[in-house]
Amino acid sequence: MTKEREVDIVYTWVDGNDLAWQERHAAFTGIKPVGADVDCKGRYADNDELKFSLRSVEKYAPWIRRVFIITDSQVPSWLDTTNPRVRIVDHKEILPPEAIPCFNAQVIEHYLHNIPGLAEHFIYSNDDMFFNREVRPETFYNSDGLPYVRLLRSPLRSLTIWLKDKLLKKPLSHYNSGMKRASDLVVAKYGKRLSEKAHHNIDGYLKSDYRKTFETFSNEISPTAVNHIGAGNDIQRILYSYVPLVTGRACKEYVDKHTSFMLRIHKHDHYERMEKYNPIFFCLNDSQYATDADRALARKYLEKRFPEKSQFEK
């Protein structure tokens, strides 16, 4: 791997079990993180997924240069912060002052390009996403160094969203409405409609293109910085994939469950399906439907799948 193709990985992480964090959250929002999909417990509960994700990095992607972990004044208790390959990035380092405190992932993701020292080629992952098989830089970038954008085939997605929104007057989820706004921005600017859904897993980006996209749509993105919790005008991170696609700065690749699998932890039959598909990437998706018993089962699964301690742990 040449110097210009050095690749970093970026994680967003929060420990919702931390009492100090809970107090900050409650003081700002007046509510506890339970219930709604925008601000439920599943968005903040920490089951040591990051620890196991880093074990998957060491096992299947040891070539990754550095690990950046974006946090809200928190550090995982098990993390070896003396490891020169790891850097904790506090929200205050990359977000504008008006965004602090931030409990909204869609806001945080707009500012990844502000991470000090981040490589031009970087991979972004939530803490509940994992490598399941060996990967190389070529898994994420073509021979010209342009990223592959992995999407789910959904030829009727635009029609379905229109029917729900306009005809049935059924509100879209926060995630889907944010994707629709991203798609609408691309149409307005470039005259091309992309509506395929992201595979919601580990993806590669170019920092310079990420920054350029942010600057192109800063008038629309910047007002969302004050959305400390998910709000109606949030813009989903798919914008940073759609724009490179329509400008010839990325390659589209459709995925199936053998490539990328979302294991919803409240659906226990998904563990069997995971073994069947043996995907390259998988996500253990927590949600408002999951219970603490579901989270305990997910942890047991990760302990079995990634039993060996990594260099990133104390």
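The following paragraphs examine the structure supplied in this document.

What counts, and where the lines are drawn
- Residues numbered from 1 in each chain as written.
- Predicted model: local features only at pLDDT ≥ 70, side-chain atom pairs only at ≥ 80, totals over all residues.
- Heavy atoms only, no water.
- Helix = DSSP H or I, 4+ residues; strand = E, 2+ residues; numbered from the N terminus.
- Polar contact = N/O pair within 3.5 Å; in protein donor to acceptor, adjacent residues only side chain to side chain.
- Contact = heavy atoms within 4.5 Å.
- Pairing = 2+ DSSP bridges.
- Axes fitted to C-alpha atoms, helices over the stretch in contact; angles between N-to-C directions.
- Parallel < 35°, antiparallel > 145°, perpendicular 65-115°, else oblique.
- Left-handed = near helix turned anticlockwise from the far one by under 90°.
- Nonpolar A, V, L, I, M, F, W, Y, C, P; charged D, E, K, R; others polar.
- Phe/Tyr/Trp six-rings, centres within 6.5 Å; stacked < 30°, edge-to-face > 60°.
- Lys NZ or Arg CZ within 6 Å of the ring centre and 35° of its normal.

By secondary structure assignment, the location of Arg 237 is in the loop between α9 (218-221) and α10 (239-246). Side chain to side chain, Arg 237 and Tyr 205 meet in a polar contact 2.8 Å long. Discounting chain neighbours no more than four positions away, the residues touching Arg 237 are Glu 109, Tyr 124, Asp 203, Tyr 205 and Tyr 210.

Moving on: the sheet that holds strand β5 (residues 129-131). Pairing is mixed in the open sheet, where three strands are placed in the order β5-β11-β10. What marks the edges here is a single partner per strand, and that holds for β5 and β10 (260-264). Taken over all neighbouring pairs, the strand axes of this sheet differ in orientation by 25° on average, direction set aside. In this structure, β5 lies alongside strand β11 (residues 281-285), joined through three bridges in antiparallel fashion. In the strand pairing of β11, Phe 131 is matched with Phe 281. Contacts from helix α12 (residues 292-305) reach β5 and β11, with the element oriented near 155° to β11.

It is at 10 Å that the axes of helix α2 (residues 49-60) and α12 come closest, and there the two elements cross at 25°. Taken together, α2 and α12 sit at an angle that is classed as roughly parallel. Crossing angle aside, the handedness with which α2 passes α12 is left-handed. From α2, Glu 49, Lys 51, Phe 52 and Lys 59 reach across to α12, where they touch Arg 299, Leu 302, Glu 303 and Arg 305. Residues belonging to the contact of α2 with α12 are distributed by class as follows: two nonpolar, no polar and six charged.

Further remarks concern the environment of Ser 56. Positionally, Ser 56 belongs in helix α2. Separated by 73 residues in the primary sequence, Ser 56 and Met 129 have C-alpha atoms spaced 9.4 Å apart. With near-sequence residues (within four places) excluded, Ser 56 lies in contact with Ala 61, Phe 130, Phe 131 and Phe 306. Looking at Ser 56, its side chain comes within polar contact range of the main-chain oxygen of Ser 53, at 2.6 Å.

To continue, consider the sheet that holds strand β4 (residues 121-126). Judged by pairing direction, the sheet is mixed, and its five strands sit side by side in the order β3-β2-β1-β4-β8 without closing on themselves. Bordering the open sheet on either side are β3 (86-90) and β8 (203-206), each of which pairs with just one other strand. Averaged over all neighbouring strand pairs, the angle between strand axes comes to 30°, with direction disregarded. Pairing analysis gives four bridges linking β4 to β8, with the strands arranged antiparallel. Counterpart to Tyr 124 in the pairing with β8 is Asp 203. Contacts from helix α8 (residues 207-216) reach β4 and β8, with the element oriented near 75° to β8.

In the segment running from Ile 100 into Pro 101, the intervening peptide bond is cis, with an omega of -5°. By secondary structure assignment, the location of Pro 101 is in the loop between α3 (91-94) and α4 (105-108). Positive phi, normally seen in glycine, also occurs at Ser 73, with a value near 55°. Residue placement: Ser 73 occurs in the loop between β2 (67-71) and β3.

Another point: the packing of aromatic side chains. One pass over the full model with this rule turns up 16 aromatic pairs. Each member of the aromatic cluster is reached from another via a ring pair, and the members are Phe 130, Tyr 271, Phe 282, Tyr 301 and Phe 306. For Arg 150, the ring lying beneath its charged end belongs to Phe 140, and the centroid distance is 5.8 Å.

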